[in-house]
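# Structure assessment
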Amino acid sequence: MLTVKDKIDKFIEKCKEVGISATSQRIIIYKAIMDDKSHPSPEELYAKIKDENPTISLATVYKTLETFSEYGFIKKVTPLHVKVRYEPNIERHHHMVCVKCGKIYDVKSDELNYIELSDKILGKNILLDYSIQFNIICEECQLKEKNKN
């Protein structure tokens, strides 16, 4: 398991490889998202770091997350019914999204990772990647609903 320092060192190396600066603000934002497994929105990350880093603006967080996504440091997760969310896990995996509370859960499945699409489905398009999203009602929301009745 990598330590926080190892993750930051690896991040700095990746920045050098792709030709972007590993600024202190980028490191702060990267560390915050690496520590958060809840698929945070830019606003949630900003709220998490703003007290200790008052010079970082919400706009900087948005721009930095877009840059991270563009260079493959993080993945953008955008359920259709919720604002944009980000996550540090860039390995292929899928998601369950609660349609009531918006929580996102990772789904790791070898079965889902090796779906082959025929030319009939793809046509002349080239498949680059895919992610499957399961819309669910999570256990917590089910319990809340049950307790209402």
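Structural notes, computed from the coordinates.

Rules and cut-offs
- Residues numbered from 1 in each chain as written.
- Predicted model: local features only at pLDDT ≥ 70, side-chain atom pairs only at ≥ 80, totals over all residues.
- Heavy atoms only, no water.
- Salt bridge = Lys/Arg side-chain N within 4 Å of Asp/Glu carboxyl O.
- Helix = DSSP H or I, 4+ residues; strand = E, 2+ residues; numbered from the N terminus.
- Buried < 20%, exposed > 50% of the residue type's maximum accessible area, 1.4 Å probe, protein only.
- Expected span 1.5 Å × (residues − 1).
- Contact = heavy atoms within 4.5 Å.
- Polar contact = N/O pair within 3.5 Å; in protein donor to acceptor, adjacent residues only side chain to side chain.

Right, let's get into the pattern of salt bridges. One pass over the full model with this rule turns up 7 salt bridges. Here K16 makes a salt bridge to E13, at a shortest N to O gap of 4.0 Å. Of the two residues, K16 and E13 are both situated in helix 1 (residues 4-18); the distance of 3 residues between them amounts to about one turn of the helix. A relative accessible area of 59% places K16 in the exposed class. For K76, the salt bridge is made with E66, and the minimal N-O distance between the two is 2.9 Å. Taken together, the residues span a long stretch of sequence, with K76 in strand 1 (residues 75-77) and E66 in helix 4 (residues 58-70) at a distance of 10 residues.

Residues spaced three or four apart along an α-helix point in a common direction, a consequence of the helix completing one turn every 3.6 residues. Counted at 1.5 Å a residue, the expected span for helix 1 with its 15 residues is 21 Å, and the 21 Å between its end C-alpha atoms agrees. On its buried face, helix 1 sits against helix 2 (24-34) and helix 4.

This part is about the environment of T3. Relative to the assigned elements, T3 resides in the segment before helix 1. Engagement of the side chain of T3 in a polar contact is seen with the backbone nitrogen of D6, the distance being 3.0 Å.

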